[in-house]
Amino acid sequence: MNTLQQVRFILKPAVFLACLVPLALAIAGAFGVAGQSLGANPAEALLEFFGIWGLRFLLLGLAVTPLRKLTGIGLIARFRRMVGLFGAFYVGLHFTVYLVLDQGLALGPILEDIVKRPYITVGFAAVLVLTAMTLTSTASARRRLGRKWQKLHYGAYAAGILGVWHFWWQVK
């Protein structure tokens, strides 16, 4: 088995499963399995949990190129899209928990939060950037958009900055 086959059939599935570990931990916490618990306020616990994991994956995705250049291991670049999409997935779960569990899908309070709370405004902007990037992450979207695709996907840096800013303001 050559190196590309090892990446495709062994390493990528292993990384995929590793990226699902936080979701498994959240599910275990929701059902009280293996000593995991979401505590007295499960919505807040899930909101924080998914937000932190989303930010971790986004920053890990941004770190792929510098790591590749520092280590000389070009193979790790093959995991950038997967890691970035998992970042968007966990940010999406974070946003969904906010919309459904925290706000009960009440559009008025949600819009009021986005306008009145700067950290939510910044977080919402990051969600919009990630949504555009996620929707255009396929090979066919890359072909269709041509050079515009690369410009759009530089938004990963903006999403990373906005995510850190959102987190920093929220915990401050």
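Our structure is the block above this text.
Computed from a predicted model, the values in this text were never measured in an experiment.

Asker: Outline the packing of helix H3 (residues 42-71) against helix H9 (residues 155-171), listing residues and values.
Answerer: Where H3 meets H9, the closest approach of the two axes is 10 Å, and the angle between their N-to-C directions is 145°. Once H3 is placed against H9, the crossing between them reads as left-handed. Note on element contacts: H9 touches H3 through Ala 156, Tyr 157, Gly 160, Gly 163, Val 164 and Phe 167, opposite Ile 52, Leu 55, Leu 59 and Leu 62. The residue makeup of the contact of H3 with H9, split by class, is eight nonpolar, two polar and no charged.

Asker: Pulling in residues and values, what's your account of the packing of aromatic side chains?
Answerer: Tallied over the entire structure, the rule returns 14 aromatic pairs. Centroid distance Trp 53 to Phe 57: 5.8 Å. Interplanar angle 40°. Geometry classified as tilted. Taken together, the residues Trp 53 and Phe 57, both in helix H3 and four residues apart, mark about one turn of the helix. Taking the relative accessible area as the measure of exposure, Trp 53 reaches 23% and is therefore partly exposed. Taking the centre distance of 6.4 Å and the plane angle of 25° together, the rings of Phe 95 and Tyr 98 count as stacked. Here Tyr 98 and Phe 95 lie together in helix H4 (residues 80-102), a separation of three residues that amounts to about one turn. Residue classification places Phe 95 among the partly exposed residues on the basis of a relative accessible area of 22%. An aromatic cluster of at least three residues, connected via ring pairs, comprises Phe 16, Phe 49, Phe 50, Trp 53, Phe 57, Phe 86, Phe 89 and Tyr 90.

Each value, and the rule that gives it
- Residues numbered from 1 in each chain as written.
- Predicted model: local features only at pLDDT ≥ 70, side-chain atom pairs only at ≥ 80, totals over all residues.
- Heavy atoms only, no water.
- Axes fitted to C-alpha atoms, helices over the stretch in contact; angles between N-to-C directions.
- Helix = DSSP H or I, 4+ residues; strand = E, 2+ residues; numbered from the N terminus.
- Left-handed = near helix turned anticlockwise from the far one by under 90°.
- Contact = heavy atoms within 4.5 Å.
- Nonpolar A, V, L, I, M, F, W, Y, C, P; charged D, E, K, R; others polar.
- Phe/Tyr/Trp six-rings, centres within 6.5 Å; stacked < 30°, edge-to-face > 60°.
- Buried < 20%, exposed > 50% of the residue type's maximum accessible area, 1.4 Å probe, protein only.

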